[in-house]
Amino acid sequence: MKKEQKKIAASVFVAENQLDMQKNLKESAGKYGAMGKCDLPVITLDNFLNFTTKEIKPDFFVWLGDSPAHDLWDQKKSTQLDGLRHVTKRLMKSEYNSLGKMYSVLGNHDGLPCDNFNLEGESHKWVLNETATMWKSWMTKEANMQYLTTGSYSMLHPVTKLRIIAINPFTYDTMNSYNWKNATNRLNIVGWLNETLSYSETHGESVLIINHFSPNSRFVVKEFGFRYAALMERYANIVRGQLFGHNHEDSFQITKSLSDKSPVAVGFLNPSLTTCLLYTSDAADDTPCVDLGGRRIITKK
């Protein structure tokens, strides 16, 4: 396509989207938001946190990433950090602002541009530097240093033998252009995961893995997904659960043996708090899973 044709095509795309946005302005969201193309208002987040901490009273929270708004066309470093700061600030106001009460991991929307993160350079260190400082009270010193270096970390849940392993999703995100040079095993993520699981097995620990992407997702480098499945089969005796985000859907999936296809592990794909449905159908269709009655909306043409 010639340069002039590309400009015309881009202009038509922008114009169509602007008209679509103008039509949707006629339908205003309520006080607590609305299911559609907008993210969650702060008041709904506060209401959720208040109810959860006062009524449900979980042992700990798991925050699976993607805090910035979904307006990919209007993002910059300051807005990315604002989203992370807003959620962190509200969590810190609760009684869960302490070691072992909150476990967090980055999501693919936390990079800039979305999905892009230079794991071995300096251009994206601002994300790790800022979040390592924000989340310092939630991690052990060793875990915080691990996170600052790689975006992944592991630590024992206090007064238990349960190890939380948090994995940086940018290490195997197929849409991360920085991975194209070496997409198979960035930052030796497979080796680190194997060593950590081996340590837990030797010391009689159980493991909970938290991660933004399901390793079976089409957004995950296939080679990593294959190796991850092999590790889940090898350490099925200690991996008690896997918690994933991204899909905006409440569902689960089974990891099967590479040799005889027998089930070896279960992963729970957790629904999002945001009411934004821009990517819901697309993300939900990316992996074979059992829908638990989430909020996916599919429009048939």
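Before any of the text, the structure's been laid out above.
Described in the following lines is the structure provided in the data block. Note on numbering: residues in each chain are counted from 1, in written sequence order. Local features are withheld for residues below a pLDDT of 70 in this predicted model, meaning they are given only at 70 or higher, and side-chain atom pairs are given and counted only at 80 or more; totals for whole chains, interfaces and linings count all residues. Side-chain metrics rest on all non-hydrogen atoms present in the structure, leaving aside hydrogens and water.

**Observations regarding helix 5 (residues 141-150)**
Rules: In this scheme, a residue with accessible area under 20% of its type's maximum is buried, one over 50% is exposed, and one in between is partly exposed, where area comes from a 1.4 Å probe on protein chains only. A helix here means a DSSP run of H or I that spans at least four residues, while a strand means a run of E at least two residues long, and both kinds are numbered starting from the N terminus. By definition, the arc is the one covered by directions from the helix axis to the C-beta atoms. We call two residues in contact when some of their heavy atoms are within 4.5 Å.
All of the buried residues along helix 5 are Ala143, Asn144 and Tyr147. Along the axis of helix 5, the buried positions cluster into a sector of 100 degrees, meaning they face one direction only. Exposed residues on helix 5 whose side chains face more than 90 degrees from its buried face are Lys141 and Glu142. Considering only its buried residues, helix 5 is in contact with helix 4 (125-134) and strand 3 (153-156). One or two positions beyond helix 5, positive phi appears at Gly151, with a value near 85 degrees.

**A word on the packing of helix 6 (residues 189-202) against helix 7 (residues 222-234)**
What counts here: To get an axis, fit a line to the C-alpha atoms, keeping to the stretch in contact for a helix; angles then go from 0 to 180 degrees between the N-to-C directions. Put simply, angles under 35 degrees are roughly parallel, angles over 145 are roughly antiparallel, angles from 65 to 115 are roughly perpendicular, and the rest are oblique. Any residue that is not Ala, Val, Leu, Ile, Met, Phe, Trp, Tyr, Cys, Pro, Asp, Glu, Lys or Arg is counted as polar, Gly included; the first ten are nonpolar and the last four charged.
It is the contact of helix 6 with helix 7, at a shortest axis distance of 11 Å, that shows an interaxial angle of 5 degrees. The angle between the axes of helix 6 and helix 7 places the two elements in the roughly parallel class. Residues Ile189, Val190, Leu193, Asn194, Leu197 and Glu201 of helix 6 pack against Phe224, Arg227, Tyr228, Leu231, Met232 and Arg234 of helix 7. Its residues assigned to classes, the contact of helix 6 with helix 7 comprises 8 nonpolar, 1 polar and 3 charged.

**Here we look at the packing of aromatic side chains**
What counts is decided by this rule: Here a Phe, Tyr or Trp ring, Trp counted by its six-membered ring, pairs with any other such ring whose centre lies within 6.5 Å, and the pair is stacked when the planes are under 30 degrees apart, edge-to-face when over 60, and tilted otherwise.
Using the criterion set out here, one finds 11 aromatic pairs in the structure. Here Tyr172 and Phe224 contribute two aromatic rings whose centre-to-centre distance is 4.1 Å and whose plane-to-plane angle is 0 degrees, an arrangement assigned as stacked. Of this pair, Tyr172 sits in the loop between strand 4 (162-167) and helix 6 while Phe224 sits in helix 7, and the two are 52 residues apart along the sequence. One exposure class covers both Tyr172 and Phe224, and it is buried.

**Section: unusual backbone geometry**
Of note, the amide linkage connecting Leu112 to Pro113 takes the cis form, showing an omega dihedral of -5 degrees. Within the secondary structure layout, Pro113 lies in the loop between strand 2 (102-104) and helix 4. In this structure, Asp66 takes a positive phi of about 70 degrees despite not being glycine. Within the secondary structure, Asp66 is located in the loop between strand 1 (61-63) and helix 3 (77-92). What makes Asp66 buried here is its relative accessible area of 16%. In the Ramachandran plot, Asp115 falls in the positive-phi region, its phi being about 80 degrees despite a non-glycine side chain. Examined against the element boundaries, Asp115 turns out to sit in the loop between strand 2 and helix 4. Taking relative accessible area as the criterion, Asp115 reaches 7% and is therefore assigned buried.

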